[in-house]
Amino acid sequence: MSMNINQLFAVIQARRSAPPEESYTARLTAAGEDEILKKVGEEAVEVILAAKGQGQTRLVEELADLTYHTLVLLAARGLTPQDVEAELARRHAG
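The structure presented is a predicted model; accordingly, all values stated were derived computationally and were not measured.

Chemist: I'm lost on the packing of helix α1 (residues 5–15) against helix α4 (residues 56–76) in this one. Help?
Modeler: The angle between the axes and the distance between the axes are what describe a pair of packed helices. The geometry of α1 relative to α4 is characterised by a closest axis approach of 10 Å and an angle of 55° between their N-to-C directions. Here α1 lies oblique to α4, going by the angle between them. Between α1 and α4 lies a crossing of right-handed hand. Only Thr67, Tyr68, Leu71, Val72, Leu74 and Ala75 of α4 make contact with α1, whose side of the interface consists of Ile5, Leu8, Phe9 and Ile12. Of the residues that constitute the contact of α1 with α4, the class distribution is nine nonpolar, one polar and no charged.

Spelled out as structure tokens, the structure:
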């Protein structure tokens, strides 16, 4: 199954209200923003380590993890991928 950023974000939004025992996203959201930020930081470090010698497959895996956790942060803050897209468009137009 193929999944784009918007589809993944929709899943994240839906799972934020799921019972925590059934959903990692719900547990992470319930743990609060500090825990979400911790995960974003951990994944960013793992991306760097993967890029420095763990191979292309590992890099892609870690980038997927970082993307997921970044989307969880966006959802927790009431933001969307479209907010990021709008900022990228603004920068490109500038």
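Further notes follow.
Chemist: Looking at this structure, I do not really get α4. What am I missing?
Modeler: Along an α-helix, residues three or four positions apart point the same way, because every turn accommodates 3.6 residues. With 21 residues, α4 should cover 30 Å at 1.5 Å per step; its first-to-last C-alpha distance of 30 Å lies within 8% of that length. Every buried residue belonging to α4 is among Leu59, Glu62, Leu66, Tyr68, His69, Leu71, Val72, Leu73, Leu74 and Ala75, and all of these are buried. Its buried side turned inward, α4 meets α1, α2 (24–31), α3 (33–51) and α5 (81–93). Following α4 by one or two positions, Gly78 adopts a phi angle in the positive range, close to 75°.

Chemist: Quick question: what am I supposed to make of the nonpolar core here?
Modeler: One recurring pattern in soluble globular proteins: nonpolar side chains tend to sit buried together. Ranked by size, the top nonpolar core spans ten residues in total: Phe9, Ile12, Leu28, Ile36, Tyr68, Leu71, Val72, Leu73, Leu74 and Ala75. Contributions of two or more residues to this core are made by α1 and α4. Tallying contributions element by element places α4 first for this core, with six residues. In contact with Leu73, other than residues within four places in its own chain, are Glu33, Ile36 and Leu37. Counting five residues, the second-largest nonpolar core is a separate cluster that includes Val40, Ala50, Leu59 and Leu66.

Rules used throughout
Residues numbered from 1 in each chain as written. Predicted model: local features only at pLDDT ≥ 70, side-chain atom pairs only at ≥ 80, totals over all residues. Heavy atoms only, no water. Axes fitted to C-alpha atoms, helices over the stretch in contact; angles between N-to-C directions. Helix = DSSP H or I, 4+ residues; strand = E, 2+ residues; numbered from the N terminus. Parallel < 35°, antiparallel > 145°, perpendicular 65-115°, else oblique. Left-handed = near helix turned anticlockwise from the far one by under 90°. Contact = heavy atoms within 4.5 Å. Nonpolar A, V, L, I, M, F, W, Y, C, P; charged D, E, K, R; others polar. Expected span 1.5 Å × (residues − 1). Buried < 20%, exposed > 50% of the residue type's maximum accessible area, 1.4 Å probe, protein only. Core = buried A, V, L, I, M, F, W, Y, C linked by side-chain atoms within 4.5 Å.

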